[in-house]
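# Summary of structural features
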Amino acid sequence: MMDYAEARKAMVDCQVRPSDVTSYAIIEAMLEVPREEFVPASRQAVAYAEADITLDGGREVAAPRTFAKMLEAASIGADDLVLDVNPGLGYSTAVLAKLAGAVVAAEPDVALAGKLQATVAEMDIDNVVVAEDEGPGDPANGPYDVIFVNTGVEEIPAALTDQLKDGGRLVAIFMDGPSGQCRVQIRAGNELSSRYMFDATAKVLDGYHRAVEFSL
C-alpha cells in the first residue's frame, strides 16, 4: 500500500523546494493537504507525480511545481479573501484555505462542486464557501484580495477582474498557442498591470478563449 505521507514529503522535497519556492507557509500547507483525496480513485497512485492530473470533464489538477509557484506568485496573506476559480475537486481550495483568511471556491461543474463541498465538510475546513459559478467567479462574496485561476486562459473576462479589490492580484497561466506564461495581474484603481512570473502551460476552458475577430 502506498505511503501517501511519504509521497507528500517527496513531492515537496523533489518538486517544490528545488523550484525556488521558499514560502514556509506554502511548503507546510502542501505537506499537510492530502492531494490523493482530491483526484479520482483511479488516479490516486499518481497523485504526487510531477505532472498534471486529468479530472472528469477534461479539467486538470496542476502539477505540484506549477501550483506551488503560482501560490508564491499570488503573495497570499493570512487575512486575504481569495476567490478560487475552477478548482475541480478542490485541492487548490484546501491548500489556499491554509494560507488565507477565507476562500470562495467557484466551480461551474455541478458534479465537481458537489464532491468538493462534501470533501470540505468531511475535512472540517471551516473557512471555505463553495459557490455556484454562473460565470465567471462569484461577485456576491467579493471583492477579493486574490483571484486564483486554475485553468489556462487566453483572455481574462472583465467580469472576473472587476471582482478584484484595489491592490488585488489575479494569478493565472496565460496561453498563446502551445506556449504559456504564469502572470500576475494587479489592480490599481481602474487599471490592471501584468507581471511575468514563469513559463508554464495549462488547458484553456470555455469562457477563457480569446474573442474571435471577424473582418469583411
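Reading guide: rules and limits
- In this convention, every chain numbers its residues from 1, walking through the sequence in written order.
- Where totals are concerned, whole chains, interfaces and linings use all residues; where local detail is concerned, this predicted model gives features only for residues with pLDDT of at least 70, and gives and counts side-chain atom pairs only at 80 or more.
- Neither water nor hydrogens contribute to the side-chain values; these are computed over all heavy atoms in the structure.
- Secondary structure elements are taken from DSSP: a helix is a run of H or I of four residues or more, a strand is a run of E of two residues or more, and numbering for both begins at the N terminus.
- The cut-offs for exposure are 20% and 50% of the maximum accessible area for each residue type, with area from a 1.4 Å probe on protein chains only; residues under the lower value are buried, those over the upper are exposed, and the others partly exposed.
- What makes two residues a contact is simply this: any of their non-hydrogen atoms within 4.5 Å.
- Note that accessible areas follow from Shrake-Rupley with a 1.4 Å probe, and for residues the cover is restricted to the protein chains shown.
- Only buried residues count toward a nonpolar core. Its members are Ala, Val, Leu, Ile, Met, Phe, Trp, Tyr and Cys residues joined through side-chain atoms within 4.5 Å.
- The convention used is that axes are lines fitted to C-alpha atoms, helices contributing only their stretch in contact, and that angles between N-to-C directions extend from 0 to 180 degrees.
- Any angle that falls under 35 degrees is termed roughly parallel, while one over 145 is termed roughly antiparallel, one within 65 to 115 roughly perpendicular, and all others oblique.
- Gly is placed with the polar residues, together with every amino acid not listed as nonpolar (Ala, Val, Leu, Ile, Met, Phe, Trp, Tyr, Cys and Pro) or charged (Asp, Glu, Lys and Arg).
- Note: two strands are recorded as paired if DSSP finds a minimum of 2 bridges between them.
- Between 30 and 60 degrees the pair is tilted, below 30 it is stacked and above 60 it is edge-to-face, where a pair is any two Phe, Tyr or Trp rings, Trp via its six-membered ring, whose centres lie within 6.5 Å.

## Looking at the overall build of the chain
On a plain count of helices and strands, the chain comes out with 6 helices and 9 strands. Going through the 216 residues of the chain one by one, you find that 50% of them count as buried. Within the chain, contacts between residues separated by at least 24 positions form 54% of all contacts whose residues are at least 6 apart in sequence. With the model as given, the accessible surface of the chain reaches about 10,400 Å², and the carbon-plus-sulfur share is 49%.

## Considerations on the nonpolar core
Within the largest apolar cluster, 70 residues are counted, with the highest numbers of intra-cluster contacts made by Met30, Leu71, Ile76, Tyr91, Val95, Ile147 and Leu160. Look past the residues within four positions of Val95 in its chain and what remains in contact with it is Ala29, Met30, Val33, Phe67 and Leu71.

## Focus on the environment of Val33
Considering the arrangement of structural elements, one finds Val33 in the loop between helix H2 (24-32) and strand E1 (53-54). In sequence terms Val33 and Gly189 are 156 residues apart; their C-alpha atoms lie 36 Å from each other. Every residue in contact with Val33, bar those within four places of it in the chain, is listed here: Arg8, Phe38, Tyr48, Tyr91, Ala94, Val95 and Lys98.

## Here's the deal with the packing of helix H1 (residues 4-16) against helix H3 (residues 64-74)
The contact between H1 and H3 brings their axes to 9 Å, and the two run at 75 degrees. Taken together, the axes of H1 and H3 are roughly perpendicular relative to one another. Packed against H1, whose contacting residues are Met11, Gln15 and Val16, the element H3 presents Pro64, Arg65 and Ala68 at the interface. Among the residues making up the contact of H1 with H3, the classes are represented as 4 nonpolar, 1 polar and 1 charged.

## A few points about the sheet that holds strand E8 (residues 179-188)
Taken in spatial order, the 7 strands of this open sheet run E5-E4-E3-E6-E7-E8-E9, and their pairing is mixed. Every interior strand has two partners, whereas the edge strands, strand E5 (128-132) and strand E9 (191-199), have only one. Each neighbouring strand pair of the sheet contributes to a mean axis angle of 20 degrees, computed without reference to strand direction. Pairing analysis gives 6 bridges linking strand E6 (residues 144-153) to strand E7 (residues 164-176), with the strands arranged parallel. Paired with Val146 across the strands is Arg169, a residue of E7. Each of E6, E7, E8 and E9 touches H3; the most contacted strand, E7, lies at about 150 degrees to it.

## Digging into the packing of aromatic side chains
To describe a pair of aromatic rings, you give the distance between the ring centres and the angle between the ring planes. The final tally for this structure, using the stated rule, is 4 aromatic pairs. Residues Phe67 and Tyr91 carry aromatic rings whose centres are separated by 5.2 Å and whose planes lie at 50 degrees to one another, so their mutual orientation is tilted. One end of the pair, Phe67, is in helix H3; the other, Tyr91, is in helix H4 (residues 91-99), and 24 residues separate them in sequence. Across the pair, Tyr91 and Phe67 agree in class, each one buried. Ring geometry for Phe67 and Phe148: centres 5.8 Å apart, planes at 85 degrees, overall edge-to-face. Separated by 81 residues along the polypeptide, Phe67 in helix H3 and Phe148 in strand E6 bring together distant segments of the chain.

## Quick word on the pairing of E7
Judged from the 8 bridges that link them, E7 and E8 form a sheet pairing that is antiparallel. The residue bridging Leu170 from the neighbouring strand is Gln185, located in E8.

## Regarding the pairing of strand E3 (residues 81-85)
Taken across its 5 residues, E3 has 5 buried, putting it largely inside the fold. Every second residue of E3 is oriented toward a common face, with Leu81, Leu83 and Val85 on one face and Val82 and Asp84 on the other, all of them buried. Here E3 runs beside E6; their pairing, made up of 4 bridges, is parallel. If you follow Val82 over to E6, its bridge partner there is Val146.

## Some remarks on unusual backbone geometry
For the peptide bond that leads from Gly142 to Pro143, omega is 5 degrees, which places it in the cis range. Within the secondary structure, Pro143 is located in the loop between E5 and E6. The backbone phi angle of Ser75 is positive, close to 50 degrees, even though this residue is not glycine. Here Ser75 lies in the loop between H3 and E3. When its relative accessible area of 48% is taken as the criterion, Ser75 is described as partly exposed. Look at Asp124: it is not a glycine, yet its phi comes out positive at around 55 degrees. With respect to the element layout, Asp124 can be found in the loop between helix H5 (110-122) and E5. Owing to a relative accessible area of 63%, Asp124 belongs among the exposed residues under this scheme.

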